[in-house]
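# Structural characterization, general
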Amino acid sequence: MTTSNADPTRADAASTAERAESDLLTGLAAVRERRGTVTVACRYRCATGRAFGGEWRGVPVGPLLDDAPPETTHVRAESADGYRAHVAVRKALDAVVATERLDGPADGLPRLVGPDFDSSRTVRDLSALVPVALPADADPETAAVRDDQAGTAAVRDDQAGTGDE
């Protein structure tokens, strides 16, 4: 990762209880049991110009979205170090929460990967996958989203991540 888009003005993301209620990763084991795992091969080019990719196995994101609110437009993938990226639901449907790397080192797992992702959306050390409803005029490529005190999505355009290797 070259730059974090963590929001330093935010107390601690959402509270632990709020995050647990909306975190789609809480359903990971159930989806794995019901639907099994899938394998996906992806190649990316990082913002630094370095190419990376591989073959990953994990749980498909599509079934995790069954529990998302109907107004969900994006999922916010959060890493353990505070990096966040937004993935449109239409792209997230083909994504995988990778729990194994089949052709290389297994560092950075779990990792969100998808065949049509920009490299900055392949969030490693995935700690949360939160459904959000971005306003129609929000730019998910440059917006860092934080939950305000009321628990609704607020958009900040002044913080953006540039990539995640």
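Preceding block: the structure.
The structure reproduced in this document is the subject of the present report. (Residues numbered from 1 in each chain as written. Predicted model: local features only at pLDDT ≥ 70, side-chain atom pairs only at ≥ 80, totals over all residues. Heavy atoms only, no water.)

### Side note on the nonpolar core
- By size, the foremost hydrophobic cluster in this structure holds 31 residues, and its most contacted members are Val61, Val97, Leu112 and Leu129.
- Leaving out residues up to four positions away in the same chain, Val61 has contacts with Ala92, Ala95, Val96, Val97, Leu112 and Leu129.
- Within the second largest apolar cluster, 5 residues are counted, among which are Ala128, Val130, Leu134 and Ala138. (Core = buried A, V, L, I, M, F, W, Y, C linked by side-chain atoms within 4.5 Å. Buried < 20%, exposed > 50% of the residue type's maximum accessible area, 1.4 Å probe, protein only. Contact = heavy atoms within 4.5 Å.)

### Regarding the side chain of Ser120
- With respect to the element layout, Ser120 can be found in the loop between β6 (111-113) and β7 (126-132).
- Side chain to side chain, Ser120 and Asp118 meet in a polar contact 2.6 Å long.
- A polar contact of 3.2 Å, which involves the side chain of Ser120, links it to the side chain of Arg121. (Helix = DSSP H or I, 4+ residues; strand = E, 2+ residues; numbered from the N terminus. Polar contact = N/O pair within 3.5 Å; in protein donor to acceptor, adjacent residues only side chain to side chain.)

### Quick look at the pattern of salt bridges
- Evaluation of the coordinates by the stated rule reveals 4 salt bridges.
- Where Arg57 meets Glu100, a salt bridge forms, and the shortest distance between an N and an O atom there is 3.7 Å. One end of the pair, Arg57, is in strand β2 (residues 51-60); the other, Glu100, is in strand β5 (residues 96-101), with 43 residues separating them in the sequence.
- What makes Arg57 partly exposed here is its relative accessible area of 28%.
- For Arg124, the salt bridge is made with Asp107, and the minimal N-O distance between the two is 3.3 Å. Of this pair, Arg124 sits in the loop between β6 and β7 while Asp107 sits in the loop between β5 and β6, and the two are 17 residues apart along the sequence.
- On the basis of relative accessible area, Asp107 is assigned to the partly exposed category, the value being 44%. (Salt bridge = Lys/Arg side-chain N within 4 Å of Asp/Glu carboxyl O.)

### Re the packing of aromatic side chains
- Using the criterion set out here, one finds 1 aromatic pair in the structure.
- Taking the centre distance of 5.4 Å and the plane angle of 35° together, the rings of Tyr44 and Phe52 count as tilted.
- On the basis of relative accessibility, which here comes to 5%, the residue Tyr44 falls in the buried class. (Phe/Tyr/Trp six-rings, centres within 6.5 Å; stacked < 30°, edge-to-face > 60°.)

### Digging into the pairing of β2
- With 7 of its 10 residues buried, β2 lies for the most part within the structure.
- Hairpin connection, strand β1 (residues 38-45) to β2: the antiparallel pair is bridged by 5 residues, and Gly49 has positive phi, about 100°.
- As paired strands, β2 and β5 are joined by 5 bridges and run antiparallel to one another. Paired with Arg57 across the bridge in β5 is Glu100. (Pairing = 2+ DSSP bridges.)

### Things to note about the pairing of β1
- Two strands pair when backbone bridges link them, and β1 and β2 are joined in this way by 8 bridges, in the antiparallel orientation. Along β2, the bridge assignment pairs Val40 with Trp56.

### Re the side chain of Thr72
- Along the chain, the position of Thr72 falls in the loop between α3 (61-64) and β3 (74-79).
- A polar side-chain atom of Thr72 sits 2.8 Å from the main-chain carbonyl oxygen of Pro69.
- In this structure, Thr72 is in contact with Val89, Pro131 and Val132, ignoring residues within four places of it in sequence.

### Some details on the sheet that holds β3
- If you trace the 3 strands from one edge of the open sheet to the other, you get β4-β3-β7, paired in antiparallel fashion. Taken across any chain shown, the strands that pair with only one partner, and hence form the sheet edges, are β4 (84-88) and β7. Within the sheet, the average angular offset between the axes of one strand and its neighbour, ignoring direction, is 25°.
- Relative to β7, β3 runs antiparallel, the two being bridged by 6 bridges. In the sheet register, His74 faces β7, and the bridge partner there is Val132. (Axes fitted to C-alpha atoms, helices over the stretch in contact; angles between N-to-C directions.)

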